[in-house]
Amino acid sequence: MKLQLAIDELSLEQALIQVDKLKQYIDIVEIGTPFLIDAGRKAVEQMKRKFPELEILCDAKIMDAGAYEAQLAYDAGADYVTVLGITDDLTIKGCVEQAKKQGRKVMVDMICVKDFATRIPALEELGVDVIAVHTGADQQQAGRTPIEDLIEMKKYVKKAQIAVAGGINSKTVEDYMALQPDIVIVGSGILNAVDPVHEVELVHRLLTD
Ligand SMILES: O=C(CO)[C@H](O)[C@H](O)COP(=O)(O)O
């Protein structure tokens, strides 16, 4: 089970310092959507250059122009790019074809997708690598968590890897682990903790014990 650290609200300078402190406990660094808007593709480039041993995910949440936008992320050094599961099949196909050309991966963010039974087989047919259940920040404010969606998703995923995101921390991570996702994504739970190193250590220990 991989641990993906989602960075959403730090500056590039702060993010590079934090990843340096947390790197031994994480597998994937996510350049989160707000971070990408703030710092641009140089966040992906600098993260990859400074930490070549870590995988980098560019959370571009692509909605259109799949091949072109995926290429921008991969050219900057991203190992994964995200595309929205709710978008058109042609956009997802463009991302998958670009990933194959460059030897990289596509993660589908299922935020706001309602019909998993229909959408998941279609996404697998398109050849995506990872399908991620995601309860967004605004949905979290309304008290939602990704647990029910993860249970639902497990019924339909046959070959893609499964990721889960949305307000996970060391107190809740075991609930998700019981459902055996391939990637657990944690952002604010680690980076907003009083002691991020202690929190990431706890999450990592639970994931690897
Ligand atoms: O994609 C995101 C927001 O759109 C976040 O990166 C993801 O939800 C993980 O962050 P957190 O653990 O703080 O919910």
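As recorded in an unreviewed UniProt entry, the protein chain goes by 3-hexulose-6-phosphate synthase and comes from Tetragenococcus osmophilus. Listed under Sequence similarities (unreviewed entry) in UniProt, the entry text for the protein chain is "Belongs to the HPS/KGPDC family. HPS subfamily."

## With respect to the site of the ligand
Ala6, Asp8, Glu30, Asp59, Lys61, His134, Gln140, Gly166, Gly167, Val186, Gly187 and Ser188 make up every residue found near the ligand. In this structure, Gln140 approaches the ligand through a side-chain N or O atom, which is 2.9 Å from an oxygen atom. Between the ligand and Gly167 there is a distance of 2.9 Å, counted from an oxygen atom to a backbone nitrogen or oxygen. In the complex, 87% of the free accessible area of the ligand, which totals 370 Å², lies under the protein chains. A per-class count over the shell around the ligand returns two nonpolar, six polar and four charged.

## Overview of helix 4 (residues 66-75)
Along helix 4, the positions that sit buried rather than exposed are Gly66, Ala70, Ala73 and Tyr74. Taken around the axis of helix 4, the buried residues stretch over an arc of 95 degrees, which confines them to a single face. Once helix 4 finishes, Gly77 follows within two positions and takes phi at roughly 115 degrees, a positive value.

## Here we look at the side chain of Glu30
With respect to the helices, strands and loops of the structure, Glu30 is situated in strand 2 (residues 28-31). In this structure, Glu30 is buried with no salt-bridge partner, the nearest side chain bearing the opposite charge being Lys61 at 5.5 Å. Those residues in contact with Glu30 that lie beyond four places of it in its chain are Gln4, Leu5, Ala6, Ile7, Asp8, Leu57, Asp59 and Ile185.

## Thoughts on the nonpolar core
Counting residues in each nonpolar core, the largest one holds 64 residues, and the members touching the most others are Ile7 and Met47. For this core, the element with the highest residue contribution is helix 1 (residues 12-22), accounting for five residues. Apart from the residues lying within four places of it in its own chain, the contact partners of Ile7 are Ala15, Val19, Val29, Glu30, Ile31, Gly32, Phe35, Met47 and Leu191. Within the second largest apolar cluster, 11 residues are counted, among which are Ile28, Ala132, Ala165 and Ile183.

## As for the sheet that holds strand 8 (residues 183-186)
Spatial strand order, 1-2-3-4-5-6-7-8: eight strands in a closed barrel with parallel pairing. Put simply, the sheet's adjacent strands are angled 25 degrees from each other on average, direction ignored. As paired elements, strand 2 and strand 3 (residues 55-62) share four bridges and run parallel to each other. Residue pairing for strand 3: Ile31 is matched across the bridge by Cys58. Across the sheet, helix 8 (residues 147-154) lies against strand 6 (130-134) and strand 7 (161-165), angled at about 150 degrees from strand 6, the strand it touches most.

## Digging into the packing of helix 5 (residues 89-102) against helix 6 (residues 116-126)
Close contact between helix 5 and helix 6 brings their axes to 10 Å; oriented N to C, the two are set at 35 degrees. Crossing geometry of helix 5 relative to helix 6 is assigned as right-handed. From helix 5, Asp89, Ile92, Lys93 and Val96 reach across to helix 6, where they touch Arg119, Leu123 and Leu126. For the contact of helix 5 with helix 6, the per-class residue count stands at four nonpolar, no polar and three charged.

## What about the state of the cysteines?
Applying the stated rule across the entire model yields zero disulfides. In this structure Cys58 is a free cysteine whose sulfur lies 11 Å from that of Cys95, the closest cysteine sulfur available. Its relative accessible area of 3% is what places Cys58 among the buried residues. For the unlinked cysteine Cys112, the closest cysteine sulfur is that of Cys95, found at 18 Å.

Analysis parameters
Residues numbered from 1 in each chain as written. Predicted model: local features only at pLDDT ≥ 70, side-chain atom pairs only at ≥ 80, totals over all residues. Heavy atoms only, no water. UniProt positions renumbered as here; feature names shortened; annotations may be inferred. Near = heavy atom within 4 Å. Polar contact = N/O pair within 3.5 Å; in protein donor to acceptor, adjacent residues only side chain to side chain. Areas by Shrake-Rupley, 256 points an atom, 1.4 Å probe, with all protein chains shown as cover. Nonpolar A, V, L, I, M, F, W, Y, C, P; charged D, E, K, R; others polar. Buried < 20%, exposed > 50% of the residue type's maximum accessible area, 1.4 Å probe, protein only. Helix = DSSP H or I, 4+ residues; strand = E, 2+ residues; numbered from the N terminus. Arc of directions from axis to C-beta. Lys, Arg positive; Asp, Glu negative; His and termini not counted. Salt bridge = Lys/Arg side-chain N within 4 Å of Asp/Glu carboxyl O. Contact = heavy atoms within 4.5 Å. Core = buried A, V, L, I, M, F, W, Y, C linked by side-chain atoms within 4.5 Å. Pairing = 2+ DSSP bridges. Axes fitted to C-alpha atoms, helices over the stretch in contact; angles between N-to-C directions. Left-handed = near helix turned anticlockwise from the far one by under 90°. Disulfide = S-S within 2.5 Å.

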